[in-house]
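# Report on the structure
For reference, the chains in residue letters:
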2 protein chains.
Amino acid sequence: MHIQPNSKAVILTEIMLAVFRLQGRLLKKGDELVKPLNLTSAKWQVIGAVALAGKPLSAPQIAEAMGITRQGAQKQLNKMEKDGFFERCPNPYHRSSPLYALTERGIRSFSDAMALETVWAGGLVTDLSLQRLHEALQTLNAIHEQLDSPVPKQGDR
Amino acid sequence: MHIQPNSKAVILTEIMLAVFRLQGRLLKKGDELVKPLNLTSAKWQVIGAVALAGKPLSAPQIAEAMGITRQGAQKQLNKMEKDGFFERCPNPYHRSSPLYALTERGIRSFSDAMALETVWAGGLVTDLSLQRLHEALQTLNAIHEQLDSPVPKQGDR
DNA sequence: CTCAAATTGACAACTAGTTTCCATAGTGGG
DNA sequence: CCCACTATGGAAACTAGTTGTCAATTTGAG
């Protein structure tokens, strides 16, 4: 192989592969972690989006917060409302688009999950410095921003 | 909020969220990138696994290389064989588990995709230093290893 | 007010992966 | 050789997301 080991493109490719592997791992770990709470990683993320907002949100708002499509979020919400994690309440700004509020059960699930996650995450990174973690986070966010910017798409208003 | 902003657990949580966001973005970008080649990110990864191995592989070997389940890889392979990217050839070590070899078309798709990706990746990271990218990669891999370590697997050959 | 555009929810079909179960093929120990 | 065990492929049901279509609601320009 004659690939230059210091080429940015090559490193970026390796970062991409690392991101894919990590994502799979993290989802699986998350599923294990919150299984005792009758949650999955996906449901946990939905609950987290509303919990962190601190107020009921509409389905499209939740989708935006999670970075998934409106329909994807709606699907989860329909199931999770049926399962008692959320309840619909009237949206003063849009009669036919209800806000989803966490029920007692939903709130309890979120704080239980957060507690589990804090313990797990704290034990995971014992031999990585805070500095290193910070820099990695910044680098990932920088890549994400560059991914967003160069394709303005055709959506100019 | 009394969360310590410098707590490792908090940073790790943010890294996890960044990984999720990035993964979604990268898959979408990958789909766009290889769409002209009649590929998707998933198919591209399967082709890449075999191409990088440099020799035909069995379905379970491909699954392992990709970090997905045997059945997941098998599904892609069944479709991609039908679409002419792979052809089965006899496995001297296992009569009923064929090796999957890239066809001419598969080889061409891989090199076309790699060319597109190199151009794209090289243009993406203009304002990140090689050093930063390297460190981020190492950090991600370190996290991945720590995720893996408590659950050792069995199984070569 | 009215009509066009945008937003929204429901639904269907699809991609890509998972788990589970089954039948068969290969392997090694007795 | 035989028998238990493992590896494999196939199929089905499932999770979680996507795109696309449709009808109804909401909004805003004129």
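Residues numbered from 1 in each chain as written. Chains lettered and ligands numbered in written order. Predicted model: local features only at pLDDT ≥ 70, side-chain atom pairs only at ≥ 80, totals over all residues. Heavy atoms only, no water.

By the naming in an unreviewed UniProt entry, chain A goes by MarR family transcriptional regulator and is assigned to Acidithiobacillus ferrianus.

## Comments concerning the environment of I62 of chain B
Residues and elements named next belong to chain B. Applicable threshold: Only runs of H or I of at least four residues qualify as helices and only runs of E of at least two qualify as strands under DSSP, and these elements are numbered from the N terminus. The contact definition used throughout considers only heavy atoms, calling two residues in contact when any of these lie within 4.5 Å.
With respect to the helices, strands and loops of the structure, I62 is situated in helix α3 (residues 59-66). Spatially, the C-alpha atom of I62 lies 9.9 Å from that of Q45, the residues being 17 residues apart in sequence. Every residue in contact with I62, bar those within four places of it in the chain, is listed here: V46, A49, V50, L57, A73, L77 and Y100.

## So, the protein's contact with DNA strand C
Threshold: Only a single heavy atom is needed: when it lies within 4 Å of a molecule or strand, its residue is near that molecule or strand. Here a polar contact is recorded for every N or O atom pair within 3.5 Å, except that within protein the pair must consist of a potential hydrogen donor and a potential acceptor, and residues adjacent in sequence are included only if both atoms are side-chain atoms. Throughout, the ten residues Ala, Val, Leu, Ile, Met, Phe, Trp, Tyr, Cys and Pro are labelled nonpolar, Asp, Glu, Lys and Arg are labelled charged, and all others, Gly among them, are labelled polar.
Taken together, 25 residues surround DNA strand C, and among them R70 and S97 of chain A together with T69, K75 and R95 of chain B come closest. Across the atoms of DNA strand C situated within 4 Å of the protein, the share located in sugar and phosphate is 65%. Here a phosphate oxygen of DNA strand C and a side-chain polar atom of Q74 of chain A are 3.1 Å apart. The separation between a base oxygen of DNA strand C and a polar side-chain atom of Q71 of chain B is 3.2 Å. For the surface near DNA strand C, the per-class residue count stands at six nonpolar, 13 polar and six charged.

## Section: the protein's contact with DNA strand D
Of all residues adjacent to DNA strand D, which total 23 residues, the nearest are T69, K75 and R95 of chain A together with R70 and S97 of chain B. For DNA strand D, the backbone portion of the atoms within 4 Å of the protein, that is sugar and phosphate, comes to 68%. At a separation of 3.2 Å, a phosphate oxygen of DNA strand D approaches a polar backbone atom of S96 of chain A. Counting residues per element, the ones that place at least two in the surface near DNA strand D are α4 (70-82) of chain A together with α3 and α4 (70-82) of chain B. Looking at the surface near DNA strand D element by element, the count peaks at five residues for α4 of chain A. Per-class residue counts for the surface near DNA strand D are six nonpolar, 13 polar and four charged.

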